[in-house]
Amino acid sequence: VLSSALKNVKPQINKTCLALEKIDPNRYPEQFKGVAVRSLIRQMSEALVSLDSSLVEVEDFLAVTPEVLAADEVKNYLVLFQNDKELRPTGGFWTAYAIFRMEKGKIVGISDGDIYFLDIDNRVPFYPVAPDIIQKYLKIKNWYIRDTNLSPDYRRSVETMLEFWARVPGVPPVDGVFALDTVVIERLLGVLGAITIPNFGEFNQENVVHQLELFANDLGMQKEKRGDRKDLLGILMREIINRVFAFPTKDYDTLFTKLIGLAEEKHLLFYFDNEKAQALAEKYNLAGRIKGAEGDYLHINDANFGGMKANWYMKETVAKDTYKEGDRWLSQITIDYENTGDYHSLWNTGYRDYVRIYVPRGSKLISGEGSLETVTSGEDLGKTYFAAFMAVNPKQKAQLTVNYELPDGVIDRSPYKLFIQKQPGTDIESMTVSVNKRSETVDLRTDNEVEIKF
């Protein structure tokens, strides 16, 4: 119904916009009988142009909604829980999952599990040999489902994981894969209220992450109780979903705004098998893709390969200094790490970070300092990256510095342009960007573009 209404209204709005384009506000008085005529004409024109643009977005959304919500066929959606306290390339270690079965716009079934069980129970008939970095840093020869999110590009990682998923007996094919981290659970409980689960206690915005980590680690030592861990995560996810659907209609704007903010900050990621839905998710930067850029580019990707939950205690600050030397444009990335936590045998024995710094393709590594191993370079996702391995023990600090030459054409005139992509699951709020001694502090809660005149 809404789609049909839009088709009827849109031509009229387009026609009105074209008519307003021909009107020159300067030909009219600023005020007439107390009415700000010139300002009113400008506001009407801007509002209609904005509405016209918004209708395109609404039309795109409505076109795919029936398919996504399983209006005509059953759909299965896989939800992955990313533990950002044990950071991995897409935003966290994949620890638990839930499968939502949808039919005619309703959730008709939910099943859930601990992703470890897909591997521990030997349900997969075979495992490929693990990539070199898994063998080297995790000391594991087989490549398990839980470690398949090696690519910083969420779609790439999901497509790899789905190859493994297809070999697991008893699980259905899925039509989409959504990932959420601990920040999503915290903020949703802040809106939905505390949840009490029999035999497990109360979970609220302040204690939920600590309670989940405490329970998971305690049960990790007791094989006979691992099923309880699965039950806890599943019950909590189910209760959150139930409360979302039961949320008062009058307050739904608050919840929707919260979810949009989480997606914009990459705490919530989307992948759809439906090409139209996937294109829409990528268009609005909700799909965790590594993107192209005009000008300079930066994406810092950390992978906690020390196990434990050290990211809970880690603080990270970033500075990028770009300057001209002769005919060359050079850049220096400085990353300061601080492990603020005390030693904990289960949570914080020290941070071990495989870090990749993605920069414009063709950049040339000059030097790297602070890494436990020699900084290396490679190519991936249409970028050049520099890889290092950092160690930050409890109550200690460390610094990584990488110097490199930018390729010709990245900076050809003022202003300097830099596109920064945030890693999902991280909470670095800002970084310092300098070019020829002119500096700006950039918000890193979302992807950001910066321009600096020099």
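Asks: Residue-level account of the packing of aromatic side chains, with values.
Replies: What the rule picks out here adds up to 19 aromatic pairs. One cation-aromatic arrangement involves arginine 167 over phenylalanine 126; the distance from NZ or CZ to the ring centre is 4.3 Å. The residue whose ring lies beneath arginine 167 is phenylalanine 164, and the NZ or CZ to ring-centre distance is 4.8 Å.

Asks: Break down unusual backbone geometry for me, with residues and values.
Replies: With omega at 5°, the peptide bond leading from serine 414 into proline 415 counts as cis. Locating proline 415 in the fold gives a position in the loop between strand 15 (397-405) and strand 16 (416-421). The backbone phi angle of leucine 381 is positive, close to 60°, even though this residue is not glycine. With a phi close to 45°, asparagine 436 is a non-glycine residue in the positive phi region. Relative to the assigned elements, asparagine 436 resides in the loop between strand 17 (430-435) and strand 18 (438-443).

Asks: With reference to specific residues and values, describe the environment of leucine 80.
Replies: Following the sequence through the fold, leucine 80 ends up in strand 1 (residues 75-83). A relative accessible area of 1% places leucine 80 in the buried class. Spatially, the C-alpha atom of leucine 80 lies 9.0 Å from that of isoleucine 99, the residues being 19 residues apart in sequence. Apart from residues lying up to four places away in sequence, leucine 80 is in contact with Trp94, Ala96, Tyr97, Ile115, Met161, Val177, Phe178, Ala179 and Leu180.

Asks: Which residues make up the pattern of salt bridges, and what are the values?
Replies: Counted by the stated rule, this structure contains 22 salt bridges. Across the pair arginine 243 and glutamate 239 runs a salt bridge whose closest N-O atoms are separated by 3.3 Å. Of this pair, arginine 243 and glutamate 239 both sit in helix 8 (residues 226-245), 4 residues apart, which is roughly one turn of the helix. One connected set of salt bridges, linked through shared partners, spans Asp153, Arg155, Glu159, Glu282 and Arg289.

Asks: Lay out the side chain of histidine 299 in plain terms, naming residues and giving numbers.
Replies: Locating histidine 299 in the fold gives a position in strand 8 (residues 296-304). Under the relative-accessibility criterion, histidine 299 is labelled buried at 1%. Of the polar contacts made by the side chain of histidine 299, one reaches the backbone oxygen of glutamine 421; its length is 2.9 Å.

Asks: Describe the sheet that holds strand 19 (residues 448-452), and please don't skip the residues or the numbers.
Replies: Strand order in the open sheet made by the 6 strands is 13-14-11-8-16-19, with mixed pairing throughout. Two strands bound the open sheet, and with one partner strand each, they are strand 13 (376-380) and strand 19. Neighbour to neighbour, the strand axes of the sheet diverge by 25° on average, direction disregarded. The sheet contact formed by strand 13 and strand 14 (residues 383-392) spans 5 bridges and is antiparallel.

Asks: Would you mind going over the sheet that holds strand 17 in detail, with residue names and values included?
Replies: Backbone-to-backbone hydrogen bonds join strands into a sheet, with any given pair of strands oriented parallel or antiparallel. A sheet is described by the order of its strands in space; here 6 strands give the open sequence 12-15-10-9-17-18, paired in mixed fashion. Both outer strands of the open sheet, strand 12 (364-369) and strand 18, are each paired with one neighbouring strand and no more. The mean inter-strand angle of the sheet, taken between neighbouring strand axes irrespective of direction, is 15°. With 9 bridges connecting them, strand 10 (residues 328-339) and strand 15 associate as antiparallel partners. Pairing of isoleucine 335 across the sheet is with leucine 400, part of strand 15.

Conventions and cut-offs
- Residues numbered from 1 in each chain as written.
- Predicted model: local features only at pLDDT ≥ 70, side-chain atom pairs only at ≥ 80, totals over all residues.
- Heavy atoms only, no water.
- Phe/Tyr/Trp six-rings, centres within 6.5 Å; stacked < 30°, edge-to-face > 60°.
- Lys NZ or Arg CZ within 6 Å of the ring centre and 35° of its normal.
- Helix = DSSP H or I, 4+ residues; strand = E, 2+ residues; numbered from the N terminus.
- Buried < 20%, exposed > 50% of the residue type's maximum accessible area, 1.4 Å probe, protein only.
- Contact = heavy atoms within 4.5 Å.
- Salt bridge = Lys/Arg side-chain N within 4 Å of Asp/Glu carboxyl O.
- Polar contact = N/O pair within 3.5 Å; in protein donor to acceptor, adjacent residues only side chain to side chain.
- Pairing = 2+ DSSP bridges.
- Axes fitted to C-alpha atoms, helices over the stretch in contact; angles between N-to-C directions.

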